[in-house]
There are 2 protein chains.
Amino acid sequence: MTKAKYVYTFGNRQAEGNAEMKDLLGGKGANLAEMSRIGIPVPPGFTITTEACVQYNKIGKEEILSLIKGEVEEAVKYVEEIMGTSFGTNDNPCLLSVRSGAKASMPGMMDTVLNLGMNDDAVKGLIAKTGNERFAWDSYRRFIHMYADVVMGLKPETREDQDPFEEILEDLKEKKGVEKDIDLTAEDFKQLVTQYKKIVKERLGRDFPTDPYEQLWGSIIAVFDSWNNPRATYYRKLNNIPAEWGTAVNVQAMVFGNMGKNSATGVGFTRDAATGENVFNGEYLIDAQGEDVVAGTRTPQQITREGSLRWARLAGVPEETRKEEYPSLEECMPELYNELYEIQDKLEQHYKDMQDLEFTIQEGKLWLLQTRNGKRTGAAMVKIAIDMHKEGLIDEPTAVLRCTPARLDELLHPVFDNNALQNSQVIAKGLPASPGAATGQIVFFAEDAEKWHAQGNDVLLVRVETSPEDLKGMNLARGILTARGGMTSHAAVVARGMGKCCVSGAGKLQINYREKTVTVDGKVYREGDWLSLNGTTGNVYEGKIPTIDPKLTGSFGELMELTDKFARMHVRTNADTPNDSGVARNFGAKGIGLCRTEHMFFEGDRISLMRQMILADDEKGRRKALEKLLPVQRSDFEGIFEAMQDLPVTVRLLDPPLHEFVPHEEANQEEMAKEMGVSPEHVKNRVNSLHEFNPMLGHRGCRLGNTYPEITEMQARAIIEAAMNLKKKNIKAIPEIMIPLTGTVEEMEMQERIVRSTAQEVFEAYGDTIEYLVGTMIEVPRACLTADKIAGAAEFFSFGTNDLTQMTYGYSRDDAGPFLEVYLREGILRDDPFQVLDQEGVGQLVDMGVQRGRKAKKDLKIGICGEHGGEPSSVEFCHRVGMDYVSCSPYRVPVARLAAAHAAIKDMV
Amino acid sequence: MTKAKYVYTFGNRQAEGNAEMKDLLGGKGANLAEMSRIGIPVPPGFTITTEACVQYNKIGKEEILSLIKGEVEEAVKYVEEIMGTSFGTNDNPCLLSVRSGAKASMPGMMDTVLNLGMNDDAVKGLIAKTGNERFAWDSYRRFIHMYADVVMGLKPETREDQDPFEEILEDLKEKKGVEKDIDLTAEDFKQLVTQYKKIVKERLGRDFPTDPYEQLWGSIIAVFDSWNNPRATYYRKLNNIPAEWGTAVNVQAMVFGNMGKNSATGVGFTRDAATGENVFNGEYLIDAQGEDVVAGTRTPQQITREGSLRWARLAGVPEETRKEEYPSLEECMPELYNELYEIQDKLEQHYKDMQDLEFTIQEGKLWLLQTRNGKRTGAAMVKIAIDMHKEGLIDEPTAVLRCTPARLDELLHPVFDNNALQNSQVIAKGLPASPGAATGQIVFFAEDAEKWHAQGNDVLLVRVETSPEDLKGMNLARGILTARGGMTSHAAVVARGMGKCCVSGAGKLQINYREKTVTVDGKVYREGDWLSLNGTTGNVYEGKIPTIDPKLTGSFGELMELTDKFARMHVRTNADTPNDSGVARNFGAKGIGLCRTEHMFFEGDRISLMRQMILADDEKGRRKALEKLLPVQRSDFEGIFEAMQDLPVTVRLLDPPLHEFVPHEEANQEEMAKEMGVSPEHVKNRVNSLHEFNPMLGHRGCRLGNTYPEITEMQARAIIEAAMNLKKKNIKAIPEIMIPLTGTVEEMEMQERIVRSTAQEVFEAYGDTIEYLVGTMIEVPRACLTADKIAGAAEFFSFGTNDLTQMTYGYSRDDAGPFLEVYLREGILRDDPFQVLDQEGVGQLVDMGVQRGRKAKKDLKIGICGEHGGEPSSVEFCHRVGMDYVSCSPYRVPVARLAAAHAAIKDMV
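Below you will find a few notes about this structure. (Residues numbered from 1 in each chain as written. Chains lettered and ligands numbered in written order. Predicted model: local features only at pLDDT ≥ 70, side-chain atom pairs only at ≥ 80, totals over all residues. Heavy atoms only, no water.)

## Remarks on the overall build of chain A
Here is the rule: Going along the chain from the N terminus, every DSSP run of H or I of four or more residues is numbered as a helix, and every run of E of two or more is numbered as a strand. For the exposure calls, accessible area comes from a 1.4 Å probe over protein chains only, and a residue counts as buried if that area is under 20% of its type's maximum, exposed if over 50%, partly exposed in between. In what follows, residue pairs with any heavy atoms lying within 4.5 Å of each other are defined as contacts. Accessible areas in this description were obtained via Shrake-Rupley with a 1.4 Å probe; residue shielding takes into account the shown protein chains only. Counted as positive: Lys and Arg. Counted as negative: Asp and Glu, with His and the chain ends omitted from the count. Just so you know, the charge point we use is NZ for Lys, CZ for Arg, CG for Asp and CD for Glu.
The number of helices and strands found in chain A is 37 helices and 34 strands. Reported as C-alpha extents along the three principal axes, the dimensions of chain A are approximately 105 × 65 × 55 Å. Across the 909 residues that make up chain A, the buried fraction comes to 57%. Partitioning the intrachain contacts of chain A with sequence separation of at least 6 by distance along the chain shows that 68% fall at a separation of at least 24. Carbon and sulfur atoms make up 46% of the accessible area of chain A, which amounts to about 37,900 Å² in all. Here chain A carries 107 positive and 137 negative side-chain charges, and the mean point of each set is 2 Å from the other.

## Details of the interface of chain B and chain A
Test applied: By definition, the buried area sums, over both parts, the 1.4 Å-probe accessible area that each loses when the two are put together. Salt bridges are identified by distance alone: a Lys or Arg side-chain nitrogen within 4 Å of an Asp or Glu carboxyl oxygen. Two N or O atoms form a polar contact when they lie within 3.5 Å of each other; inside protein one atom must be a possible hydrogen donor and the other a possible acceptor, and for residues adjacent in sequence the pair counts only when both atoms belong to side chains. Think of it as three bins: nonpolar holds Ala, Val, Leu, Ile, Met, Phe, Trp, Tyr, Cys and Pro, charged holds Asp, Glu, Lys and Arg, and polar takes everything else, Gly as well.
Contacts between the two partners involve 46 residues from chain B, matched on the other side by 44 residues from chain A. Between chain B and chain A, the buried area comes to about 4,100 Å², and carbon and sulfur atoms account for 58% of it. The interface formed by chain B and chain A includes six salt bridges. Note that R782(A) and E840(B) form a salt bridge whose closest N and O atoms lie 2.9 Å from each other. Joining chain B to chain A, the criterion identifies 32 residue pairs in polar contact (both at pLDDT 80 or more). Where the side of chain B that touches chain A is concerned, the elements lending two or more residues are α28 (702-707), α30 (745-766), α31 (781-785), α33 (801-809), α34 (817-826) and α35 (842-856) of chain B. In the side of chain B that touches chain A, the residues fall into 20 nonpolar, 14 polar and twelve charged.

## Focus: the pattern of salt bridges
Within this structure, the stated rule accounts for 116 salt bridges over all chains. Residue D576(A) is joined to R596(A) by a salt bridge in which the shortest nitrogen-to-oxygen separation is 3.4 Å. In this pair, D576(A) sits in the loop between β27 (570-574) and α23 (578-586) while R596(A) sits in strand β28 (residues 592-596), placing the two residues 20 residues apart along the sequence. Accessibility expressed as a relative area gives 18% for R596(A), which makes it buried. Close ionic contact of D838(A) with R782(B) constitutes a salt bridge, the shortest N to O distance being 2.7 Å.

## A word on the nonpolar core
For clarity, the threshold we go by: Take the buried Ala, Val, Leu, Ile, Met, Phe, Trp, Tyr and Cys residues and link them wherever side-chain atoms come within 4.5 Å; each set so joined is a nonpolar core.
With 277 residues, the main nonpolar core has F799(A) and F799(B) as its most contacted residues. In contact with F799(B), other than residues within four places in its own chain, are I778(B), C784(B), L804(B), V846(B), G849(B), V850(B), I862(B), G863(B), I864(B), C865(B), G866(B) and M883(B). Listed in part, the 72 residues of the second largest apolar core include A52(A), A75(A), A102(A) and V193(A).

## Quick look at the sheet that holds strand β8 (residues 247-253) of chain B
Residue and element names in this part refer to chain B. Quick reminder of the rule: Think of it this way: DSSP has to see at least two bridges between two strands before they count as a pair. Geometry is summarised by axes, namely lines fitted to C-alpha atoms with helices restricted to the contacting stretch, and by angles between N-to-C directions that run from 0 to 180 degrees.
Spatial ordering of the open sheet is given by β2-β1-β3-β8-β6-β7, a layout of six strands whose pairing is antiparallel. In the strand order of this sheet, the two ends are held by β2 (14-15) and β7 (112-116), each with one partner. By the bridge criterion, three bridges tie strand β6 (residues 96-102) to β7 in an arrangement that is antiparallel. Residue pairing for β7: L96 is matched across the bridge by L116. Lying over the sheet, helix α8 (residues 212-226) contacts β3 (45-48), β6, β7 and β8, oriented at roughly 145 degrees with respect to β8.

## Some details on the relation of the copies chain B and chain A
How we decide: In superposing the copies, a least-squares fit is computed on C-alpha atoms, taking residues whose pLDDT is at least 70 in both.
Relative to chain A, chain B is turned by 180 degrees and slid 0.2 Å along the rotation axis, the superposed coordinates differing by an RMSD of 0.3 Å. A rotation of that kind, with that shift, is consistent with a two-fold axis. Take the interface residues of chain B: 96% of them recur as interface residues in chain A, which is what a same-surface contact looks like.

## What about the environment of E133(A)?
Structurally, E133(A) can be placed in helix α5 (residues 133-150). When residues no more than four places from it in sequence are discounted, the contact partners of E133(A) are I127(A) and A186(A).

## Quick notes on the environment of I592(A)
Residue and element names in this part refer to chain A. Examined against the element boundaries, I592 turns out to sit in strand β28. For I592, a relative accessible area of 0% corresponds to the buried category. I592 sits 309 residues away from A901 along the chain, and the two C-alpha atoms are 19 Å apart. Excluding residues within four positions of it along the chain, I592 makes contact with R572, T573, A575, S581, I640, M644, P648, V649 and T650.

## Comments concerning the packing of helix α6 (residues 164-176) of chain A against helix α7 (residues 186-204) of chain A
Residues and elements named next belong to chain A. We apply this condition: Left-handed is the label given to a crossing in which the near helix is rotated counterclockwise from the far helix by less than a right angle, and right-handed is the label when the rotation is clockwise.
Close contact between α6 and α7 brings their axes to 10 Å; oriented N to C, the two are set at 140 degrees. Crossing of α6 over α7 shows right-handed handedness. Contact residues: α6 offers P164, F165, I168, L169, L172, K175 and K176, while α7 offers D188, Q191, L192, Q195, Y196, I199, V200 and R203. Of the residues that constitute the contact of α6 with α7, the class distribution is nine nonpolar, two polar and four charged.

## Structural notes on helix α21 (residues 490-498) of chain B
Residues and elements named next belong to chain B. Most of α21 sits out of view: eight of its nine residues are buried. All buried positions along α21 are accounted for by A491, A492, V493, V494, A495, R496, G497 and M498. Elements in contact with the buried residues of α21: β16 (431-434), α20 (471-476), β19 (479-482), β20 (501-504) and α23 (578-586). After α21 finishes, the residue G499 shows a positive phi value of roughly 65 degrees.

## Focus on the sheet that holds strand β10 (residues 281-286) of chain B
All names here are of chain B. With antiparallel pairing, five strands are arranged side by side in an open sheet as β11-β10-β9-β12-β13. Each of the sheet's edge strands pairs with one partner strand only, and the pair in question is β11 (301-302) and β13 (365-373). In the sheet, strand β9 (residues 264-269) pairs with strand β12 (residues 355-362) via six bridges, with the strands oriented antiparallel. For G268, the partnering residue across the bridge sits in β12 and is L357.

## Things to note about α23(A)
Residue and element names in this part refer to chain A. For the record, the criterion: Regarding the arc, it is the one traced by the directions from the helix axis to the C-beta atoms.
Of the residues making up α23, those classed as buried are D580, S581 and A584. Relative to the axis of α23, the buried residues are bounded by an arc of 100 degrees and lie together on one face. Away from the buried face of α23 by more than 90 degrees, exposed residues N579 and N586 are located. In this structure, the buried residues of α23 make contact with α21 (490-498), β27, β28, α25 (619-643) and α37 (893-907). Among the residues trailing α23, G588 stands out with phi positive, at a value near 100 degrees.

## Focus: the side chain of S581(B)
Among the secondary structure elements, S581(B) is positioned in helix α23. The contact partners of S581(B), leaving out residues within four places of it in the chain, are A575(B), I592(B), I640(B), A643(B) and M644(B).

Shown next, in the form of structure tokens:
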């Protein structure tokens, strides 16, 4: 075995490693080396390589230690020298942290030891140095607890047992009659140290190690071992991280911000994480530890003077007080501030992203503990990406990739006023079915929504679940709240389509339609009471909370322009009305990918005509009703085609089972009977005969159009006539007629024949023609399997991945709730397949459908129109399999455009 | 272009072609040549090759005629010589038939011309020769009609128009005041000839051709043309026959059996088509045409003396009368009979199968017109195959292939007494859901079936549709009749499993449960009235019709033994009771491939325990109920394992959605509530919460076992304990535990864990172990797509092609009726995919599942347990994809064994 180099030091603005060495030093190790190398003052330390870990797993503890011992001891000396400390002595003791660090980030999966090097000597040295006895003893007892647990394996024996150290601590607090650790004194901690050591001896039969090197060897091995703990193993399996990689071990000098008035600790952001503005900002505290800044026990101070002034203004703190009690770092320690300012600038320039950094000032010396890309709001995300591109920091593809598609949602919907939100109480939680915030007076019926809205009120529609009959009321409401139904329930799907806030399946709600009340945890809310909904989180609040409308800033528009520069796929929209079409077009939709015709049949008189058609005894009766529906449909299409002028509109022919349209209640049946001049018994019988055990798999889709060809005829006629009428007005319509639920090429051929011969008749009557396409939804597994055949009769495919997912898994969207919940919880499923396309299973069928379809017809136009068309990872999948476009609800269009650009950029090598 | 040989003659016991030349001469031409070549006296003639047809399509009429003219004229001379006739003259005129004959049989698709050569001279010659003026003129006018139609294209102008020749004929009959052709005289036909010629001239502007060669050329081209008529083109497309093949044209001398007392015509069978007995038999008539034998206007005579004697005995004809009026050919024309006998023997020896032959005796000379393999009953099919093998005529594989699997059904079920059937009236028709015949008194409720049966009555259970609660009554009934439901409705599936006759979906029936009546076409049948059902045809008869039980003859057993010699796949059975298991074992089942456990929960107290389990509030309550179910299940398994001793038994864990078990009627809910000590409201709410929109795609299969693991635990325990208990009694059980509806490997892993840990517990308690397997149904498309993964956690796969078909097509079996009917009628589907496995679509998934499963686990055991496991073409498919076994209902086991043998034999090169 050749002797490799196992230890890489860093510190003193230099390093043996660098950012490229993630394989060998792990992510954290490489990053610490890089920071040090570019001149950032990080506490010195060293990284033991991942190779050492790999070797350890082969040759064991004694052998690996003999291999690395010399190098580690050298490295410790290097640290001692830089810090001027000495390991394990009472004279300025050197305390170390020992942390894992694999190539890929595995947050919290492996073990860490802090304050290593502490013993009865070192604690004295720490007291001498800090003058803080309590802090020193507390650090010592914490170290014993952590080390005994992580390294020595002193854990509770069963799950029911209490941690022995916690037990001792609790006993002490009880004895002293105090509740919190903060009420304990230096003496108390000192006593704990003694007791802790005792229990270690009792339980493990050996003394707690006082030799700092023994502590160090134990910790290094413990970190190696933690690579294979069950938690880490499971995480690796989930994230496809190979077990062979191993972890590196980072050993680093501890620094303390609580060593007196010339010490401090804080966090900073290189830009504003809320707005994206390019201003350095952050908070700090003098003579404090990192946790004090976030704990809320002391009020943190602002780093910059400008930030401090603004804070005071908002908090109503007079300038005198501010200057006295809450001065900025810029004012307090101007030199250190300048150093920090330069560092933050350097870091951002180096990492080319907004940084979130942690620093500590120990006795007048600034140390950077960590830097990482900072979390930010959706708005800040977009602004920072675009700004950085303009500043020349990043190129266009990088700017696009910096924006996470899913987070665009935040920019597109109203949000609650944050100040008002703080006083509001969450009374229930449902599913975040459609994003945004809404506040309004509750009503329980769609008709009531209309009434209240007409009187100028903002309303929320509260239902057990919604049905197509509620459409108008839903449209007028500010938001929708349901007690039942999942992310793909009627309410959820429709609301997303409308871009309207919706919380679905809030199981706690007990709705009483008769009384028009909803009861939550015993409290009754009546019609007219105010509630508020957050469709992004699923929270339901009591009372009225003001909302703020989104502003589509300049950066947003610039980002969208950039996406078009890169995306190969177009984005279309799913829209059934001229209004939705317009919204989508404004968001950049390049056409309609799914215009459902059935929604058109629910409003007003239409439902009655539709029912007459369905309840007719024979073809003649159906034709009579269809004749009356024809002008209605035609004018619908004229409206949509006009809104989408010059862009293609994919119209799906009638899809749902007919029983969805007929009246199920006796009174309605009687009314219907009267209208049609038949007996109520007759209506009832016909309605009953339409009952299906599994309507999802029943008489619907093209099965309707093939058994009642006159329906397809009427719809084809309405579409073509609408386009012809617009042509007369010089408006160009590009209809694409889509046959739903095709499973065999014969089904498609029959539908195609009907559509084409109808179109021919219309052309002859008008003495003119237009261009149009005939294609099909691919949503039945068999259609994917026989896509080569079906392509022979279709000019385009549109994957209906909602139904395809239902049939491929054998899950009914409407019924899957109870077991999906368990499956997601137990990890049987990683994602809800109705939200995130299942690439492993359903994706195989989609890929097959695309490849086979194109093999048979090279220029087959292919898209997707399921819910997945607006889900970023699914959009990227669609790009990879070679689709031409995705189609999604209007408010998802920007998200899909960005995801499509991501996919294309990732595709560029 | 090289000059090819286009015409091949045959006749005079020799021929230029032979049976191997089907490509060139077509099937019929090659066969005529072959017969002639082996010394059979066929009327002489010649075949114009398929190549000529192909050439014709390239080069056109004039060119092809110039190519073949010389050869055809030579061949006509050859025919004239052999027959001593002369083409188109009044001196013993030569009349010819012209028929198509492609390589593959295309019955009725192309055109034929008879009596060609007829003209004003020939008709006189025919009169002179036959002395039958009426026959001669009738032949003439028929020839004109046929030729004008087929060759000259004189057809009705629109679909509504009448055929002009028919019109003239009808006019004549009207004028003469007669109704039938038989009432017309020679003079009438002569007049028709004149009128027919006139209308040809009028309509086509040219004379009817009198030149026999002109007639011949026209006919040959017409037959060529008919290869491309729409009917033939469609048939070719359906049967995958290439258009490039072309058809041959067979021209053959006409012979007449009606030329006086020394002429005759008849049909013969080389063996008994009903019983398979090896005796020559058949019927004939003196001085008659072929159609007279089958027309029923004269009583046909038997060919053999023995046959004649038996006929007389059955018909009650005294020997004197028989000898006088109905003598056998053997008695009448002993020499010709001997010649015929030798010919039939020679033909059977040559074709090595039972022959159905047509012959004509023209003026003392015997002509064979046709021989073909004879149709026969199922019983005859088996006996003839086995006998011929024993006689050394055919080898074992051929004997097996001679038996069509589907036709074994006839041997396994009761049939109606044919004599009694003739007086019975079909009152309705349903689907042939489960084969056999049954007669009984009708009842409308399962309980009534039990009551009437207890009183010693044979009953038929008549229901709108059946449900699991009717099981016991169904079992006691002779047959089942339903008004709704398809071939895979509950009634159909269960009845096939029981081997019980069932007619389903007889839509005409109006059932009134309150009155206990069923009304058909206005006639009311009440409880206790007799009806009879034919489950093989779907016919429903009024009244009582005696049935005859099947006899499994020696040949049947011998055939079954032969199948085992060849089949690679085993056949298992789907059985849930010891009784069914025994039946299947007797039929040669090699184990149980599907034992459904849910049926066990419906009887007696069990349903109540099951309901308590389902309605329990929490796991504790469920466990309490499951504890009580455990001994019940265990003893069920003991019974089945014992019946299947030493053979594997695949037990499927609970599959159906829970709502199938709970009471839906208020009274039952109240009872349940009382039993459980809870409020009726509570029961009602729980029942309602189990409602699903699409239960087929809902909370069922392993989704139950994964959300309520205690159910899987109980069932696994019952199975393993049952096997252990039998082991104590030295009975070997081989349980294979099957997880239903797996869609992801994670689902399977979780179930496997539960089963294995439960088994381990039982083993420890018993201090002993047994062998068992854990595997899964593959019935969800996603399971096929990810079969490689799932195989990692499964020891066997069993394809549940019922559900797989439902999900792959998106068809609900229970709801597909209305559109399936249309789809089958319109040719959108060729077969009902629930009966015949859809190899094009569903089959791809099955194949994928097998290949991927085996790739991951080489020795994975694979079978099928859907309805398709007993359908011959599907069984062959299962063999081809490499399955180890098929499983089907007990009465389908012999069918499947035979089909499996077929598959294996076809696989041998």
